[in-house]
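# Examination of the molecular architecture
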Amino acid sequence: MATSYSANNGQNEEYTFDAFEDGSSKLVGEQQLTKLNQFAVDYAQQIWKIEEALDETLNEVWDINIDPVSIYNKPHEQLDLIELVKTDHKIFNKVMLVFSSICNQARILKETAENKFYSPLTVFGEITGESSEGDVQIEVGKLLPFMIDLSAFVNRCYSLIRNIVSQFASIYQPQKNIHTQFFKNVHLQAVYYSMIDIFSVLINLDSIITQNTALDSSWGRYLRMVKSVKQEPNKYSVSGEEDKLWQLEKLLLSLKGQLLEGFIFQSCIQQEFDFPGVIDVKGNKVLKAEFQYNVKVLWSMFGTKIMDSSELNLRERFPGFMGLYAFYIALFKDITDKSFFKQVWEVTKRVPMVSINVNVFWFPSDFIQQLMPGMIKIIGGSPNHMEIRRDYLRIVDKEFSGRVKSYYLQVSRWMVRMESSQTRTGTLWDVSLSKVSQIVQGVQLSYHISHLLKTMIGLHMHLTAPLKSSDVRKLFQCAEMLKSIENTFHRRSAMISAHISMMVQQLTDIINEKLNVVRSKYSGRSNYSEIELDVIVALSLCSDLLCGVATNERITVIRLCLNVIYQSNILKENDIEELRLHIKRLEFISDIGKIVKGSCDCSILFWSRDLFPTYLQFLYQNPSQATSLQYTLTGLKDVLSVLDKAIHVDNAKQQLIDVYRNEMEEMIDKNIIQPLGKDVETDLRLHIHAFLNIEEKDPFKTGIKEFGKFLELKPLRFFDRTIDIKSRISHYLDQTFYNLNTVALFDWKTYSEMRNMAFYKYGLQLLEVHLPGSTLEQGLDVLEIMRNIHIFVSRYNYNLNNQIFIQRSSNSKTLNTINITHISNSIRTHGSGIMNTTINFAYRFLVQKFSIFSEFLFDDQIKSKLYKNIKYFRENKEQLNNMYPSELVTELERDIRQLGVSETGLTFLDHFRLLITHIGNAMGYIRLVRSGGLHYCSNAIKFVPDLKKIPKFQDLTTKDALSPETIQASTNLDSIIHNLSNNLSEGTEYFKMLVNVFATEFRNIANQHLKNFYIIVPALASNYIDHMINSKDKLFKKSKAIGAEALSFTDDGFAIGLAYILKLLDQNKDFDSLHWFDRIQLKCETDQKRMLAEANAKGIKEDQNHLAIKKIQNFQQEYELFKYSFSGSRIFFKD
């Protein structure tokens, strides 16, 4: 194939391609994959940077209540109405002044009710709940002046309604006069809106008071107390005050009848409006026709916009609209228009419930049932109000999730546009118009979201219907969106303030442009009718008022003027509707701060705080949404303005706000902080102990919780406190790690690694526990070991290489160890002088042990056997190749075993080996003390720069003629440094001292029986090897029946004890002449070869003989380890 390809292309054969793959294609593919991977990484980093930038912008919450500076945009009118309403038409001035004053008073009364009366009535009885007898009376006593003010306020509302009706009756009547001619075709809808506001206030008061059961109950208890005091004045020391008590009781009954029984609005519409001979209201057909016309027109506009997407603050006026209709029926007794009532009823079915003030809800069907029961027959009987509400709730529940999702997308889009610094291309006029549209859109979104939130909570509370956990999350998501909108307005307040004047100017220009259409109709004429003259004056006054700031007073007069202008019939319905819209926007822009705050208010969450734990649990299960917690806390704090106005307690902030704040913090601690701390701790433990091969969790089944999202949150602001989740988790881990580490000091390294992992994985800066890493206690103290050295050497095993003693057995799960650091700490505690005392105690212990050692070798049976073995070895030395036979060792072990066995199963040879081990442990302890002393000295003198050139501080202080105390101190310092230097450089050869002390006595002719010791060493070594093999085998077995005493992996005390005794007896050469280690090496090799030969002869496979060979190899390995330990020990005793 390659040849054909070459021939066809006319190429030389040396350029033909081989038929195998040279790897170039794979390299190219890998290069492309690398580039693609790098592209994905770079793109992910760019996306992360964008998200981080947005997080800093969008998730940074400004707390409006604690910001030191904020912008207040609401304008204030500095001119009186008399100065504002100033034209050449005196009658027009008079009429405008009267009705503008009425509308202004209605607005003031509405604001007074909202700011002064709603909140104290709503929160009465909250938090404190059912107070004890006496406390309730005190609370009502504090509320009494407030209720008197409320009564005066209600009477003022009644008076204003009478005044409005009287004014209407004066201008709308059959008898013609100058006023009737002026208002012949004028419909003062602005005044009717003022009546709607007053009726809304009265209906709201009724609803707030009747739905607060604590108020009526407490008032009754207070009234009973007054009656009791009046019956027994002497008992309560108020004798002679009966008249005042009677007046107080009369006042209480009067207030109860007027305010607490739910007849505030009903009393208003049922008051007398006719004044015979002066004003005729009920019989005034012209007034009735005008009233009926305006009620239908207003209801028509209300019914059209009530559920429209552009609706804004209409639902809050729904009670007022119903009140206006009820007032019309009560005033004129007109129930003939059945079709109109059916329209009203349809609206009540579409909006069966309205939130009128935080947790107070108004139901229009109940209102109709109470005030217009006869009208119910028009719709065909008595409807089931509760079933209608349940049906409405089912619809709301079904659509709730989808609506929240839709609102979330709209709010996100709106926030991005508001946060964007880019402006639309076009003229400045277009930019300003775009900003107005964005602001209005944000408020409309907040209004609809707030209505959805309150409707869901209100209907479920009223119908006691359960909420699904998923809906609870959606409810709090609504609150998050509301606070996001409010915070966006707050952050962009500078931009809004900069554009407000331009926005107002733009709206006034639009209004003037619409009005110019009317002006053009009257321009160039000299004769005008009365109606045309009124329209021209109204146009002129509108133009003048629009030149100033858009205050409430100016807007009220403008609306009245527009009512006059509309009678010209020049403007079309669309133009009139646009004028109303622009006036509404003008009013909205002028008071945007209050409108935004009202529409984004989440005070209702205070009365739904039982749902907060469910929301926190959901949030904990979904850490990716942790950033929403700050918005929710801001929403929960909105009730501050309501609670702060409580009157029934002395200090509202202390008794109400603090209790509420502590309750919310406890919920956060219980549902977020506590489980988060435990889970973070568990996660850290799993990371650190991953080597244990713990069963891994399937992330596709259990999911992955990103706990770091909670720890990345900035400190949460809640009222006047800060909830720092990260610092609280750090404190929890610090406390937990410290407490557990003090219990289990050996885990210090584990907790140190967990602290490091907490920093790298979660960014937690944990405190160092400052525990001395597994040496909090100094181990066994030198004094304790010294006084009980006979117990110490029997309970601890010595390791020659690491210079450490390890406890043989313990009742706990841990074994104690003694090392150089422990000894150094003890010497630092007791002083270096204790080292010599320790040697003295060791000397006394060795004297006792050597006495037993001598008695064993002096025994006739032992002595005879040793003589026998020595004689045999000397006579057969050449035949044995100068190597001591292992058969003699086996025979000696058997003979000694025949002498007897102890209860523990130990032979005399075992006891003799243990004796030598104890002696070696004592020598190992002496070595450890010396090393600990050197360690102490080196640490104590490490600050001396040069040990060879140590200055004399005494000479220096004397030379400078310092005080005697200083000279004495320098002398002591010189002495201390000199001692430390000598101890560090010279040290003390304790082994040499102990050899010299005992060597003379051991080599004395009186102790001739000791000269045969070297011949028993092979038997002791074999016994020791068997002991170590047995101990290590049992160490790896899991049977609990095996005693802890039999488990060990090191016991170098025997090696050092054996080397010490051979040195004392000067028998090192005698023992070396036995060539015992060579014999063991030869025996192991011979045994292995023999077993392999036998296996081959019998046809046994190598695997079947593996255990036997392995046993020999283990035996040989243990002997080699002993040989190394023994050889190392002999070095200590070389001359």
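What comes next concerns the included structure.

### Some points on the packing of helix α12 (residues 318–332) against helix α13 (residues 338–350)
- For the pair α12 and α13, interaxial distance at closest approach is 12 Å and the crossing angle is 160 degrees. Comparing their axes, α13 and α12 come out roughly antiparallel. Seen along the crossing, α12 lies across α13 with a hand that is left-handed. Residue-level contacts link Phe318, Met322 and Tyr325 of α12 to Phe340, Phe341, Val344, Val347 and Thr348 of α13.
- Residues that form the contact of α12 with α13 fall into these classes: seven nonpolar, one polar and no charged.

### Comments concerning the nonpolar core
- Counting residues in hydrophobic clusters, the biggest one holds 230 residues, and the most contacted among them are Phe168 and Trp299.
- Top element by residues in this core is helix α5 (residues 135–171). It accounts for 18 residues.
- In terms of nonpolar packing, the next biggest core, distinct from the first, is built from 86 residues, Ile827, Ile839, Phe856 and Leu994 among them.

### As for helix α30 (residues 748–762)
- For α30, spanning 15 residues, the distance from its first C-alpha to its last is 21 Å, which sits close to the expected 21 Å at 1.5 Å a residue.
- Within α30, the full set of buried residues consists of Thr750, Tyr751, Met754, Arg755, Ala758 and Tyr762. The buried side chains of α30 occupy one side of the element, clustering within an arc of 140 degrees when seen end-on.
- Phi turns positive, to about 70 degrees, at Gly763, one or two residues after α30.

### Quick notes on the side chain of Asp974
- Mapping Asp974 onto the fold places it in helix α39 (residues 964–985).
- Excluding residues that lie within four positions of it along the chain, Asp974 makes contacts with Pro951, Lys952, Phe953 and Gln954.

### Topic: helix α23 (residues 612–621)
- For α23, the set of buried residues is Phe612, Pro613, Tyr615, Leu616, Leu619 and Tyr620. Here the buried residues of α23 occupy an arc of 160 degrees about the axis, which is enough to place them on one side.

### Focus on the environment of Gln674
- Along the chain, the position of Gln674 falls in helix α26 (residues 652–688).
- Through-space distance from the C-alpha of Gln674 to that of Tyr732 is 8.6 Å; in sequence the pair is 58 residues apart.

### As for the sheet that holds strand β5 (residues 796–799)
- Here we have three strands laid out as an open sheet, ordered β5-β6-β7, and antiparallel in their pairing. For this open sheet the edge positions go to β5 and β7 (817–818), each flanked by a neighbour on one side alone.
- Alignment of strand β6 (residues 804–807) against β7, held across two bridges, turns out to be antiparallel. Each residue of the ladder has a partner; that of Ile806, found in β7, is Thr817.

### Notes on the pairing of β5
- Residue alternation in β5 divides its side chains into two sets, Tyr796 and Tyr798 and Asn797 and Asn799, and both sets are buried.
- The pairing of β5 with β6 spans four bridges and is classified as antiparallel. By the bridge assignment, Asn797 is partnered in β6 with Ile806.
- Taken together, β5 and the strand that follows it, β6, pair antiparallel across an intervening segment of four residues, in which Gln803 is found at a positive phi of about 50 degrees.

### A look at the pattern of salt bridges
- All told, the structure shown has 38 salt bridges when counted by the stated rule.
- With its nearest N and O atoms 2.6 Å apart, the salt bridge here joins Lys483 to Asp638. Pair noted here: Lys483 is in helix α17 (residues 469–491) and Asp638 is in the loop between α24 (628–636) and α25 (640–643), with a separation of 155 residues, a long-range link.
- With a closest N to O distance of 2.6 Å, Lys514 and Glu578 form a salt bridge. Taken together, the residues span a long stretch of sequence, with Lys514 in helix α18 (residues 493–522) and Glu578 in helix α21 (residues 573–590) at a distance of 64 residues.
- Each of the salt bridges in this network shares a partner with another, and the network as a whole consists of Glu387, Arg390, Asp391 and Arg394.

What counts, and where the lines are drawn
- Each chain carries its own residue numbering, running from 1 in the written order of its sequence.
- Two thresholds apply to this predicted model, a pLDDT of at least 70 for residue-level local features and 80 or more for giving and counting side-chain atom pairs, whereas whole-chain, interface and lining totals are computed over all residues.
- Excluding hydrogens and water, the side-chain figures rest on all heavy atoms present in the structure.
- Every angle, taken between N-to-C directions, lies between 0 and 180 degrees, and every axis is a line fitted to C-alpha atoms, over only the stretch in contact when it is a helix.
- A run of H or I in DSSP becomes a helix once it reaches four residues, and a run of E becomes a strand once it reaches two; helices and strands are each numbered from the N terminus.
- The scheme is simple: roughly parallel for angles under 35 degrees, roughly antiparallel for over 145, roughly perpendicular for 65 to 115, oblique for anything else.
- If you view the pair so one helix is near and one far, a crossing is left-handed when the near helix is turned anticlockwise from the far one by less than a right angle, and right-handed when it is turned clockwise.
- Working rule for contacts: check all heavy atoms of both residues, and any pair within 4.5 Å makes them a contact.
- Note on residue classes: Ala, Val, Leu, Ile, Met, Phe, Trp, Tyr, Cys and Pro are nonpolar, Asp, Glu, Lys and Arg are charged, and everything else, Gly too, is polar.
- Nonpolar core, defined: a set of buried Ala, Val, Leu, Ile, Met, Phe, Trp, Tyr and Cys residues in which side-chain atoms within 4.5 Å join the residues together.
- Type-normalised accessible area, obtained with a 1.4 Å probe on protein chains alone, sets the label of each residue: buried when under 20%, exposed when over 50%, and partly exposed for intermediate values.
- Here the expected length of a helix is defined as 1.5 Å per residue gap, with one fewer gap than residues.
- In this description, one arc is meant: the one made by directions from the helix axis to the C-beta atoms.
- Only when DSSP finds a minimum of two bridges between them are two strands counted as paired.
- Throughout this description, the term salt bridge denotes a Lys or Arg side-chain nitrogen within 4 Å of a carboxyl oxygen of Asp or Glu.

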